[in-house]
Amino acid sequence: MLTARLYYANSYVKEFSARVVSAAPLPTGNYAIILDRTVFYPESGGQPADTGFLDTIPVLDVQEQSGDIVHITPSCPQQQTVSGRINWQRRFDHMQQHSGEHVLTGACRQIVKASNTGFHLGQVSSQIDLDIDVITDGQLAEIELVANTMVFNNVPFRIHMVTAEELSNFPLRKQPAKHYDSLRLIEVPDFDCCPCGGTHVNATGEIGLIKIRSWERKKNGIRLDFVCGHRALTDYQGKNEAVKDLAARLSVPPAELAAAYEKQADRLAAVSKELATARQELCCRLAQDLYAQAPETAGIKIITHTLANVLPAAVGELARQLATYEYTVALIAGVSPDNTKTHLVFAANPALTPAFNMNTALKAALPFLDGKGGGSPQLAQGGGAKPSGIPAGLTAAQKVLTGK
Ligand SMILES: [Zn+2]
């Protein structure tokens, strides 16, 4: 005899007693417990399994096996009868999301003539797949309005146990995958009707708010990401806090956030441009000074210099400016403002390559900075995490170039 599924008739039963039919050890060290009846829902139809307890033994997972329901537990019940209790908070959350899926599917069919081709109930949000290529923001808003109106109308979910012959009396959105002698149908009257073995709320009002968070293109259609009930409340609270925080930082009301962001972005672009010009001028002057002061060996100047408190762009700018001077090699290092990152740019005047190879010089310096990077004989750059290694790194690079 197959396990009697007590949740079929009533999803709200939280506790039950049952007879142990079999208890078999598993290779994992756990046990597979089969009872004559259960309220534990097994993982199926996109809905995760219930958890809970059999007496004091935790139920870790619940699976379907040839029509029976198998409770996975870490130890074996000692008595022939057990008292079971499901984690009601987890189950009711699943009931809200799963029931919401039925309503959302009905709304999608009504607004965009789409069929539900897949459902997944995740830990944070759930997804349904639809057999359409694209959806607009306007259609998403209409779907949400229709779905939530069904919630506000508090329409009862109806459960029908029907024979194969009686199926044609129902407006099924999805035909059963195979032939059954008897089938369980879930109906939201005049809205959605399909074969389903899952757990549902009594009436749509208990689903709470249904909110579509986003959509994306998928193979053979699109996927909607949504949350219902408690999850929708948590989602709203999180987003409200984020919006409030941003609005306070920008000193604007929430409705003006986008405009305030645009203003900031424009300002940042203007400042970046100004900074690039200033950096160029500064590097030009610094390059003149460094070139004037640098000693010359056999007609060649190898200039090493470290910039503190800079972004990589300044290091590159100075190295490139110095490399415009004839018979000059620039080995420039920079340390980030937070003093945790280093950046090296080695550049040589084109007339000096390939005799002076910047890539080889860089490879000699990088180990002192725990860094990586590379480039050409004329220009090479890299970065590392050890500012204290810069002097030794630059000395090593110089040695490679001068052979001393
Ligand atoms: Zn269902």
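Residues numbered from 1 in each chain as written. Predicted model: local features only at pLDDT ≥ 70, side-chain atom pairs only at ≥ 80, totals over all residues. Heavy atoms only, no water.

Draft legend 1. Highlighting the coordination of the zinc ion. At 1.9 to 2.2 Å from the zinc ion lie its protein donor atoms, namely His98 (NE2), His102 (NE2), Cys196 (SG) and His200 (NE2). Mapping the donors of the zinc ion onto the primary sequence yields the spacing H-x3-H-x93-C-x3-H. Placement of His98 in helix 1 (residues 88-112) and of His200 in the loop between strand 14 (192-195) and strand 15 (210-218) is noted, with a sequence separation of 102 residues between them. What makes His98 buried here is its relative accessible area of 2%. (Donors = N, O, S within 2.8 Å, 3.2 Å for Na, K, Ca; no water. Helix = DSSP H or I, 4+ residues; strand = E, 2+ residues; numbered from the N terminus. Buried < 20%, exposed > 50% of the residue type's maximum accessible area, 1.4 Å probe, protein only.)

Draft legend 2. Layout of the domain arrangement of the chain. Split into domains, the chain comes out as domain 1 (4-86), domain 2 (92-242) and domain 3 (271-402). Computed over C-alpha atoms, the centres of domain 1 and domain 3 are 68 Å apart. (Domains from an automatic or database assignment.)

Draft legend 3. Broad picture of the layout of surface pockets. Considered as a void within the structure, the largest pocket measures approximately 870 Å³ in volume. Considering the residues around the largest pocket, the lining is formed by 34 residues, among which Tyr8, Tyr180, Pro195, Cys196 and Gly197 are closest to the centre. Of all the elements, strand 10 (residues 116-121) adds the most residues to the lining of the largest pocket, at four residues. When grouped by side-chain class, the residues that make up the lining of the largest pocket number 14 nonpolar, 14 polar and six charged. When residues of the lining of the largest pocket are sorted by domain, at least three fall in each of domain 1 (4-86) and domain 2 (92-242). (1 Å grid on protein atoms, 1.4 Å probe; cavity = no way out; pocket = protein on both sides within 12 Å on 5 of 7 lines; lining within 4 Å. Points joined across faces, edges and corners; volume = space filled by probe spheres on them. Nonpolar A, V, L, I, M, F, W, Y, C, P; charged D, E, K, R; others polar.)

Draft legend 4. Representation of the environment of Gly316 in the model. Within the element layout of this structure, Gly316 appears in helix 5 (residues 312-322). For Gly316, a relative accessible area of 4% puts it in the buried group. Separated by 47 residues in the primary sequence, Gly316 and Lys363 place their C-alpha atoms 17 Å from one another.

Draft legend 5. Representation of the side chain of Thr105 within the structure. Residue placement: Thr105 occurs in helix 1. Judged by its relative accessible area of 2%, Thr105 is buried. Discounting residues that sit within four places of it in the chain, Thr105 has contacts with Asn116, Ile128, Arg173 and Asp192. (Contact = heavy atoms within 4.5 Å.)

Draft legend 6. Geometry of the sheet that holds strand 5 (residues 52-54). Strand order in this open sheet of seven strands is 6-5-9-2-3-8-7, and the pairing throughout is antiparallel. The sheet is open, and its two borders are formed by strand 6 (57-59) and strand 7 (61-65), each paired with just one other strand. This sheet shows a mean twist of 40° between the axes of neighbouring strands, independent of strand direction. Relative to strand 8 (residues 68-73), strand 7 is paired through five bridges, and the arrangement is antiparallel. Among the inter-strand pairings, Val62 is bridged to a residue of strand 8, identified as His71. (Pairing = 2+ DSSP bridges. Axes fitted to C-alpha atoms, helices over the stretch in contact; angles between N-to-C directions.)

Draft legend 7. Quick peek at the side chain of Ser336. Along the chain, Ser336 falls in the loop between strand 18 (328-335) and strand 19 (342-348). Looking at Ser336, its side chain comes within polar contact range of the main-chain nitrogen of Thr340, at 3.3 Å. Those residues in contact with Ser336 that sit more than four places away from it in its chain are Asn309, Val310 and Lys341. (Polar contact = N/O pair within 3.5 Å; in protein donor to acceptor, adjacent residues only side chain to side chain.)

Draft legend 8. Looking closely at the sheet that holds strand 15. In spatial order, the strands read 10-11-16-15; together these four strands make up an open sheet with antiparallel pairing. Edge positions in the open sheet fall to strand 10 and strand 15, since each of these has one partner strand only. Each neighbouring strand pair of the sheet contributes to a mean axis angle of 20°, computed without reference to strand direction. Summarising the sheet, strand 11 (residues 126-130) and strand 16 (residues 221-228) pair through five bridges and their orientation is antiparallel. Paired with Gln127 across the strands is Asp225, a residue of strand 16. Running at roughly 135° to strand 16, helix 1 makes contact with strand 10, strand 11, strand 15 and strand 16 of the sheet. Seen against the sheet, helix 3 (residues 230-250) touches strand 10, strand 11, strand 15 and strand 16 and runs at an angle of roughly 90° to strand 16.

Draft legend 9. Structural context of the pairing of strand 2 (residues 15-25). In this structure, strand 2 lies alongside strand 9 (residues 81-86), joined through five bridges in antiparallel fashion. Considered in strand 9, the bridge of Ala18 is made with Val82. Note: strand 2 against strand 3 (residues 31-35), five bridges, orientation antiparallel. Following the sheet pairing, Ala23 is matched in strand 3 by Ile33. Remark: five residues form the turn of the hairpin made by strand 2 and strand 3, two consecutive strands paired antiparallel; Gly29 in that turn has positive phi of roughly 100°.

Draft legend 10. Summary view of the packing of helix 1 against helix 2 (residues 137-152). Between helix 1 and helix 2, the least distance of the axes is 9 Å, while the angle of their chain directions is 130°. Classified by the interaxial angle, the pair formed by helix 1 and helix 2 is oblique. Seen from above, helix 1 lies across helix 2 with right-handed handedness. The residues of helix 2 that touch helix 1, namely those facing Val103, Leu104, Ala107, Cys108, Gln110, Ile111 and Val112, are Gln139, Glu142, Ile143, Val146, Ala147 and Met150. (Parallel < 35°, antiparallel > 145°, perpendicular 65-115°, else oblique. Left-handed = near helix turned anticlockwise from the far one by under 90°.)

Draft legend 11. Region of interest: the pattern of salt bridges. With the rule as written, the count across this model stands at eleven salt bridges. Arg91 is paired through a salt bridge with Asp50; the nearest N and O atoms lie 2.7 Å apart. Note that Arg91 is positioned in helix 1 and Asp50 in the loop between strand 4 (37-38) and strand 5, a separation of 41 residues in sequence. Note on accessibility: Arg91 and Asp50 belong to one class, buried. Residue Arg213 is joined to Asp235 by a salt bridge in which the shortest nitrogen-to-oxygen separation is 3.0 Å. (Salt bridge = Lys/Arg side-chain N within 4 Å of Asp/Glu carboxyl O.)

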